[in-house]
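Single-letter residue listing:
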Amino acid sequence: MALFLFLRENARWLAAGAMLSFLSSFGQTFFIAVFSGEIRAAFGLSNGAWGAIYSLGTTCSAIAMVWAGGLTDLYRSRALGAFVLCCLAGACLFMALNPVAALLPVVIFALRFFGQGMTSHIAVVSMSRWFVATRGRALSVAGLGVALGEAVLPITFVSLMLVVDWRLLWIVAALIGLGAIPLLFALLRQERTPQSMAETDQSAGMEGRHWRRNEVFRNRLFWFMIPALMGPPAFSTAFFFHQVHYAGVKGWDHLSLVAMFPAFTLVGVTSMILSGWALDRFGTPRVLPWFQLPAAIAFLFFAQGDTLSGALAGLVFLGMTQGMQSTLPNAFWAEFFGTRHLGSIKAMGAAVMVFGTAVGPGLTGILIDHGLSISTQYLGVAGYFIFATLMMRFGVRRAAALLGPQTP
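What comes next concerns the included structure. Position numbers for residues start from 1 in each chain and track the written sequence from start to end. Given that this is a predicted model, residues contribute local features only at a pLDDT of at least 70 and side-chain atom pairs are listed and counted only at 80 or more, while totals for whole chains, interfaces and linings are drawn from all residues. Note: side-chain values were computed over all heavy atoms of the structure, leaving out hydrogens and water.

Here we take up the overall build of the protein. Where helices and strands are cited, they refer to DSSP runs of H or I of at least four residues and of E of at least two residues respectively, numbered from the N terminus. The helix and strand inventory of the protein stands at 20 helices and zero strands. For 408 residues, the compact-globule estimate of 2.2 N^0.38 gives 22 Å, and the C-alpha radius of gyration of the protein, at 20 Å, lies within 12% of that figure. Here the protein holds 408 residues, and 61% of them are scored as buried. Here the protein has roughly 15300 Å² of accessible surface; of this, 70% comes from carbon and sulfur atoms. Taking the average location of the 25 positive side-chain charges in the protein and that of its 15 negative ones, the two points are 8 Å from each other. The atom set for the radius of gyration is the C-alpha atoms, and the globule formula is 2.2 Å times the number of residues raised to the power 0.38. Exposure is judged per residue with a 1.4 Å probe applied to protein chains only, and the accessible area is read against the type maximum: over 50% gives exposed, under 20% gives buried, and values in between give partly exposed. Accessible surface is estimated by sampling points in the Shrake-Rupley manner with a 1.4 Å probe; for residues, cover comes only from the protein chains shown. Positive charges come from Lys and Arg alone, negative charges from Asp and Glu alone, with His and the N- and C-terminal ends not counted. Note on charges: their place is set at NZ of Lys, CZ of Arg, CG of Asp or CD of Glu.

Below, the discussion takes up the packing of helix α16 (residues 293-304) against helix α17 (residues 308-325). Contact geometry for α16 and α17: axes closest at 8 Å, N-to-C directions at 160°. Classified by the interaxial angle, the pair formed by α16 and α17 is roughly antiparallel. Crossing angle aside, the handedness with which α16 passes α17 is left-handed. Contacts from P294, A295, I297, A298, F299, F301 and F302 in α16 reach G310, A311, A313, G314, L315, F317, L318, M320, T321 and M324 in α17. Residue polarity is assigned by list, with Asp, Glu, Lys and Arg as charged and Ala, Val, Leu, Ile, Met, Phe, Trp, Tyr, Cys and Pro as nonpolar; anything else, Gly included, falls into the polar class. Of the residues in the contact of α16 with α17, the class split is 14 nonpolar, three polar and no charged. Only the stretch in contact is used when a helix axis is fitted, and all axes are lines through C-alpha atoms; the angle between N-to-C directions ranges over 0 to 180 degrees. Angles below 35 degrees are treated as roughly parallel, those above 145 as roughly antiparallel, those between 65 and 115 as roughly perpendicular, and all remaining angles as oblique. With the far helix as reference, a near helix turned anticlockwise by less than a right angle produces a left-handed crossing, and one turned clockwise produces a right-handed crossing. Contact criterion: two residues are considered in contact whenever any of their non-hydrogen atoms come within 4.5 Å of each other.

This part takes up the nonpolar core. Ranked by size, the top nonpolar core spans 128 residues in total, and within it F35, W170, F299 and F337 carry the most contacts. If one sorts the elements of this core by residue count, helix α7 (residues 104-130) sits on top with 13 residues. Contact partners of F35, with chain neighbours within four places excluded, come to F157, M161, W166, L169 and W170. Residues belong to one nonpolar core when they are buried, are Ala, Val, Leu, Ile, Met, Phe, Trp, Tyr or Cys, and are joined through side-chain atoms within 4.5 Å.

Moving on, we get to the state of the cysteines. Disulfide assignment relies on a single distance test, namely cysteine sulfur atoms paired within 2.5 Å. According to the stated counting rule, one finds zero disulfides in the structure shown. Distance from the sulfur of C60, which forms no disulfide, to the nearest cysteine sulfur (C87) is 17 Å. C86 provides the cysteine sulfur closest to C87, a residue in no disulfide bond, and the two sulfurs are 6.8 Å apart. For C87, a relative accessible area of 21% translates into the label partly exposed.

Moving on: the side chain of N98. Positionally, N98 belongs in the loop between α6 (77-97) and α7. We classify N98 as buried; its relative accessible area is 1%. A polar contact of 3.0 Å, which involves the side chain of N98, links it to the backbone oxygen of V100. N98 has contacts with F43, L103, L104, V107 and R167, leaving out every residue within four places of it along the chain. By the criterion applied in these results, polar contacts are pairs of N or O atoms within 3.5 Å in which, for protein atoms, one can donate a hydrogen and the other can accept it, and in which residues neighboring in sequence qualify only through two side-chain atoms.

Turning our attention to the packing of aromatic side chains. Side-chain rings of Phe, Tyr and Trp, where Trp is taken by its six-membered ring, are said to pair if the distance between their centres is within 6.5 Å; with planes under 30 degrees apart they count as stacked, over 60 as edge-to-face, and otherwise as tilted. A complete count under the given rule lists 38 aromatic pairs for this structure. Ring centres 5.9 Å apart and planes at 55° place the aromatic pair Y246 and Y378 in the tilted group. With Y246 in helix α12 (residues 243-250) and Y378 in helix α20 (residues 374-400), this pair connects stretches of sequence that are 132 residues apart. The burial state of Y246 is the same as that of Y378; both residues are buried.

What makes a salt bridge here is a side-chain nitrogen of Lys or Arg within 4 Å of a carboxyl oxygen of Asp or Glu, nothing more. According to the stated counting rule, one finds one salt bridge in the structure shown. We note a salt bridge from K250 to D306, for which the minimum N-O separation is 3.4 Å. Taken as a pair, K250 in helix α12 and D306 in the loop between α16 and α17 lie far apart in primary sequence, 56 residues in all.

For the rest of this paragraph, the subject is the packing of α6 against α7. It is at 9 Å that the axes of α6 and α7 come closest, and there the two elements cross at 155°. Regarding the angle of α6 to α7, the classification is roughly antiparallel. In this structure, α6 crosses over α7, and the sense of that crossing is left-handed. The residue makeup of the contact of α6 with α7, split by class, is 19 nonpolar, five polar and no charged.

Listed below in structure tokens is the structure:
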């Protein structure tokens, strides 16, 4: 009953967060990657060249996020969200109409920056600010949007590509983004204000204060968290980005692999909801350090499995980490560093994660071109997640002692 009351009383704000998360799908790797084969064929690109282009555009978007993310401290989500959605629609049209390979890095930059970067950033910063005691549940509900995108968009658009030219599908994506703007205004017509304009609704971080971005950058907890912040974006992105290549290496039909993605999404949604509950119940310090261990198991399955059932098992474990990734790191910034400057602080973390999405596809693509099999690479990825867990555990354990009671 408490959950239903929470959903009913906050429906419009939660719906806005979920819708923005869903629309970020058009700049997410799981969506762009379904067009990888068509893009490489249209522009004559190898796996390594396409991965390098993707990495370049994504790296530039990560740099831009460091500055642009702070705009959420200054502008209402309604206005900023509408502007970003217009730009995202323009990026989709750019992909549809782009005639030359030389412009692909610019296309990727626009899709990644306005899609995965700013659209999802507005959603999670809004949820982290607007909700304190129920922050975990709010982030979980908002995260259902991108989960829905993961579940329905890849298989829908792969199926549509059998009968519709891939460029026309990007025009469809642009129209969806533009069509959502009136709904965003309707949902947020009584919007809560940004934290910089609402001095009475804040929660402090370590040492009972609100940290500034330059202070966070100098704090050792930030550096202990970097491997964990980069890991899931880098290597889940790499997996989905090279899904066509991976299916070919394993001897599977691409559509057969994509057909299992809804299972990944279902597990991710379940994990996201449970992690949101655990976050509200036990606090971030107790839950956060362990959430990447399932990803280590997932990549062991991807490396060693030669059957679709093995890939399904890997997707289940990867879904566990992916679901928790939607709530725990986002709550981490607010709980450890406070909410007054959350937009600019979260932008720095978002830049690290977006940079991870640049490193993963580019690195794996280059290694593929140089003869290192994707299965061998995935064994190394499993080891990376174990290392990140150890770093996270050590850093969070020491920083948790500095957490005090939240202040109004």
